[in-house]
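This is what each chain is made of:
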Amino acid sequence: MQPKAPVLEESFTIHLGAQMKTMHNLRLISCDVLDFCRHQAQPEDSGLSPQRLQTAMTLYSSSLAGVILLVDNRISSFIGIKKDFAELCKRSTEFHFPSLDKQLDVIRNTVSPLNTLRPSSGTTSPRVGSPACSSTSSSSASSPYRETPDQRLNASNASTTAGNGFDFTACSDTRSSAGNRTTLQPGDFYVTRHSNLSQAHCVFHLVVDDSIRSNQLSSRQPCIVGLRNVLHHAAVHNVFSISVPLLLSHEMTEEMTLQWCLKRAELVFKCVKGFMMENSSWSGSETRTIQFVLPPGISEGVFTHFTSMLPNIFRLANALDLR
């Protein structure tokens with residue numbers, strides 16, 4: 001068994017806005033993204049872990065935590081990070097929401113008819129709230145994250161519709177093949193809700209493909225558009241803390257040279273900053289937190305490059321000198 005890579009992290013406080021400034025927290029961390037879902041081992045006589053207790057206490061609050069997982073276009077839990085995540089979900093009982101398998105079944109049943117509404121190639125893709133996506137965005141009016149405790153406890157008895165709290169956002173410009181209408185497109189995402197994870201109440205499953213490895217990724221790519229839509233839904237549904245894969249990858253691969261990593265990090269930093277500046281939900285008085293997650297195993301030297309890049313893109317809050 002290989003020793004676990006040390007966790008590298010750095011925290012920043014930033015200001016948004018020119019006149020009405022708001023303060024937010026950014027955290028740069030190198031770790032396994034599933035660590036935000038995984039409970040740490042506790043001695044048998046120690047009782048409930050403090051982290052799990054904190055997550056449970058904020059389940060019905062207006063300050064929720066979310067994690068973005070990068071997945072393939074199939075709504076399943078059989079391979080890769082989806083399988084690892086499903087195994088984590090099964091390690092403890094889910095009392096408040098339907099099981100992961102049931103949630104995925106609802107999403108599959110929702111996606112099939114929605115894929116027939118996708119525009120043909122060359123036309124504008126449906127946006128959240130448009131008639132083409134009305135059945136998916138209906139949950140926005142009655143947010144799944146603002147349900148009363150009774151509604152949440154009865155979620156397993158709710159009807160299997162998109163309004164049951166499972167969001168599916170179509171961001172692609174192409175139709176799914178007629179043979180498999182439950183296949184998603186890059187930039188699509190779906191949401192699952194959980195009460196038994198370590199540091200997350202909801203998980204945004206963002207669909208990506210092999211184009212994510214390209215060194216020529218632009219802000220118009222479906223995965224970047226999907227990331228912006230994820231941040232939008234997180235803001236609307238009171239997800240005040242969200243973990244974003246900075247390199248749009250959960251592991252290091254051969255093509256990820258230093259220059260590749262710096263270019264990708266700059267793109268994601270600027271995309272997130274642009275969204276924060278444009279979205280009115282971020283201009284309120286509440287402080288939000290974004291965790292930029294780097295794959296585990298990155299050297300301290302490379303990590304330092306990222307920590308020096310971030311202050312050049314975001315406006316850091318000035319430290320107070322109390323002398």
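See the structure above.
The model shown is predicted, which means the values in this text are computed figures rather than measured ones.

Trainee: Give a description of the overall build of the protein chain that names residues and reports values.
Mentor: Secondary structure assignment for the protein chain yields eight helices and nine strands. Of all 323 residues assigned to the protein chain, the portion counted as buried reaches 48%. Taking as baseline every contact in the protein chain between residues at least 6 positions apart, the subset at least 24 positions apart corresponds to 73%. Entry remark: accessible area of the protein chain is about 16100 Å², with carbon and sulfur atoms responsible for 51%.

Trainee: Can you lay out helix H2 (residues 80-89) for me, pointing to particular residues and giving the numbers?
Mentor: Within H2, the full set of buried residues consists of Ile81, Lys82, Phe85, Ala86, Leu88 and Cys89. End-on view of H2: buried residues confined to an arc of 155 degrees, all on one side of the axis. Against strand S3 (64-71), helix H3 (100-115), strand S5 (189-193) and strand S6 (202-207) lie the buried residues of H2.

Trainee: Tell me about unusual backbone geometry, and please be specific about residues and values.
Mentor: Of note, the phi angle at asparagine 238 is positive, near 60 degrees, even though the residue is not glycine. Mapped onto the secondary structure, asparagine 238 falls in the loop between helix H6 (222-236) and strand S7 (239-245).

Trainee: Talk me through the pattern of salt bridges; I want residue IDs and the actual numbers.
Mentor: Tallied over the entire structure, the rule returns nine salt bridges. Residues glutamate 9 and arginine 27 are paired through a salt bridge, measuring 2.6 Å at the closest nitrogen-oxygen approach. Of this pair, glutamate 9 sits in strand S1 (residues 8-16) while arginine 27 sits in strand S2 (residues 22-30); the two residues are 18 residues apart in sequence, bridging distant segments of the chain. Several salt bridges converge on common partners, so that one network encompasses Asp32, Asp35 and Arg38.

Trainee: Give me the packing of aromatic side chains: which residues, what numbers.
Mentor: Evaluated as defined, the whole model comprises four aromatic pairs. Ring centres of phenylalanine 269 and phenylalanine 314 lie 6.1 Å apart, and the angle between their planes is 90 degrees; this geometry places the pair in the edge-to-face category. Of this pair, phenylalanine 269 sits in helix H7 (residues 258-278) while phenylalanine 314 sits in the loop between helix H8 (300-313) and strand S9 (315-316), placing them 45 residues apart in sequence. Residue phenylalanine 269 is classed as buried on the basis of its relative accessible area of 0%. Since its relative accessible area comes to 2%, phenylalanine 314 is described here as buried. Considering the side-chain rings of phenylalanine 292 and phenylalanine 314, the 6.5 Å spacing of their centres and the 45 degrees angle between planes classify their relative orientation as tilted. With phenylalanine 292 in strand S8 (residues 289-294) and phenylalanine 314 in the loop between H8 and S9, this pair connects stretches of sequence that are 22 residues apart.

Calculation notes
- Residues numbered from 1 in each chain as written.
- Predicted model: local features only at pLDDT ≥ 70, side-chain atom pairs only at ≥ 80, totals over all residues.
- Heavy atoms only, no water.
- Helix = DSSP H or I, 4+ residues; strand = E, 2+ residues; numbered from the N terminus.
- Buried < 20%, exposed > 50% of the residue type's maximum accessible area, 1.4 Å probe, protein only.
- Contact = heavy atoms within 4.5 Å.
- Areas by Shrake-Rupley, 256 points an atom, 1.4 Å probe, with all protein chains shown as cover.
- Arc of directions from axis to C-beta.
- Salt bridge = Lys/Arg side-chain N within 4 Å of Asp/Glu carboxyl O.
- Phe/Tyr/Trp six-rings, centres within 6.5 Å; stacked < 30°, edge-to-face > 60°.

Taken by themselves, the reported measurements are silent on function.
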